[in-house]
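Architecture at a glance
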Amino acid sequence: MGFIEQVESIIQALPTERVTMLFSATLPEDVEALSAKYMKKPEYIEVKNPIVAKGMIEHSLLSVEEEDKLSLLKNITIVENPDSCIIFCGTQQGVDDLYKKLSNANYSCGKIHGGMVQEERFSVMDDFKKGKFRYLVATDIAARGIDVEDISLVISFDVPQNKERYVHRIGRTGRAGKTGKAITLATPQEENLVKEIEEYIGEEIRNIDSPSKEEVARAKVAFVEKMNAKPRLKQDKAKQVNKDILKLYFNGGKKKKLRVVDFVGTIAKIPGVSADDIGIITIQENATYVDILNGKGQRVLTAMKQTTIKGKQLKVYIAK
């Protein structure tokens, strides 16, 4: 979705003899057309209602008039008081408008939609993942593929216009074995859309009452405290992993008839090092780069200054 040209360029560069697998949370006609175009007699495997069947996500529906949506949204967020929440709107303009209103109400929030430049979208998502703000206002397309830990609440400020998008929305919460909530705000004019979604997921979405004034009043203090608290930034897992990786340069490669197995076999024999500590190996004509994982880089560097590979003593440095 939105990257088909790049995907086709990658496919054209791949070997014709290959195994191709396509994974999708839903299979609308455009995705099915891709499988017909790029796959040869594929096996079709379907997991029936994976999100609903696992019971990891609690679905709820609130009936509301259009003019009361913002007030209801604020009451829901006060009562639920999530650490991390995505609010979906149907259009880019809707995202801009809601983001402005929430910002004016001192919400810790950001926005993302397809009308923003890519660098800006990346920056927003990076800040959201780190926990710099609690509420992300987003469109369906921009939020595809979002993988953020601990999103406990997803709110559909607008009912999605097709049933597949509902599945993608609620799939942002209840991830990695955790539970989550998905609350949809629906106007009377959107009842047919809700019925289509219920038929699609094979489950009736439970109607719930709006939070009472008493509930909102009781929860307000905790909500304000959390909103005013300095965010506790989450660790970037990728950066943490990369801290434990050291890339080494060896001054020998294909011309010296060196192969991946030669490097793996030699390095894995170093005391305290195993094949699991060896990452990507890139062999060029006159050089080889080896990623050493799990903080074992310095140990390997020291040992390889005194160790031959296939009978050859290679110079080894930390790669620049």
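Up top is the structure.
Quick caveat: nothing in here was measured; it's all calculated off a predicted structure. (Residues numbered from 1 in each chain as written. Predicted model: local features only at pLDDT ≥ 70, side-chain atom pairs only at ≥ 80, totals over all residues. Heavy atoms only, no water.)

**A closer look at the pattern of salt bridges**
Put simply, the test is: Salt-bridge detection follows one rule: a side-chain nitrogen of Lys or Arg within 4 Å of a carboxyl oxygen of Asp or Glu. Strands here mean DSSP runs of E at least two residues long; helices mean DSSP runs of H or I at least four residues long; both are numbered from the N terminus. Any residue under 20% of the maximum accessible area for its type is buried, any over 50% is exposed, and the rest in between are partly exposed; the area is computed with a 1.4 Å probe on protein chains only.
Under the defined criterion, the tally for this structure stands at 15 salt bridges. The salt bridge involving Glu58 is made with Arg206; its shortest N-O contact spans 3.1 Å. On the criterion of sequence distance, the pair formed by Glu58 in strand S1 (residues 57-63) and Arg206 in strand S7 (residues 206-207) is long-range, its members being 148 residues apart. The class of Arg206 is partly exposed, set by a relative accessible area of 45%. Of the charged contacts, one joins Lys130 and Asp126 as a salt bridge, the two residues approaching to 3.2 Å between their closest N and O atoms. Within this pair, Lys130 and its partner Asp126 are both found in helix H6 (residues 118-130), separated by four residues, close to a single helical turn. Looking at Asp126, the relative accessible area reads 29%, which means it is partly exposed. One connected set of salt bridges, linked through shared partners, spans Glu66, Lys69 and Asp158.

**Regarding the sheet that holds S7**
As a reminder of what qualifies: The pairing criterion for strands is at least two bridges between them, as found by DSSP. In this description, contact between two residues means that some pair of their heavy atoms is separated by no more than 4.5 Å. Lines fitted to the C-alpha atoms define the axes, with helices restricted to the stretch that makes contact. Angles between their N-to-C directions range from 0 to 180 degrees.
Strands sit in the order S3-S4-S2-S5-S6-S1-S7 across an open sheet of seven strands; the sheet is parallel. Edge positions in the sheet fall to strand S3 (109-112) and S7, since each has one partner strand and no second. Direction of pairing for S1 relative to strand S6 (residues 180-186): parallel, over a ladder of seven bridges. Bridge pairing in S6 links Glu58 to Lys181. Each of S1, strand S2 (85-88), strand S4 (135-138), strand S5 (153-156) and S6 touches helix H4 (residues 69-80); the most contacted strand, S6, lies at about 165 degrees to it.

**Remarks on the side chain of Ser156**
So the rule is basically this: N or O atoms closer than or at 3.5 Å make up a polar contact, with two conditions inside protein: a donor-capable atom paired with an acceptor-capable one, and, for residues adjacent in sequence, both atoms drawn from side chains.
Structurally, Ser156 is set in strand S5. Among the polar contacts listed, one links the side chain of Ser156 to the side chain of Arg169, at a separation of 2.9 Å. The residues contacting Ser156, other than those within four sequence positions of it, are Phe88, Arg169, Ile183, Thr184 and Leu185.

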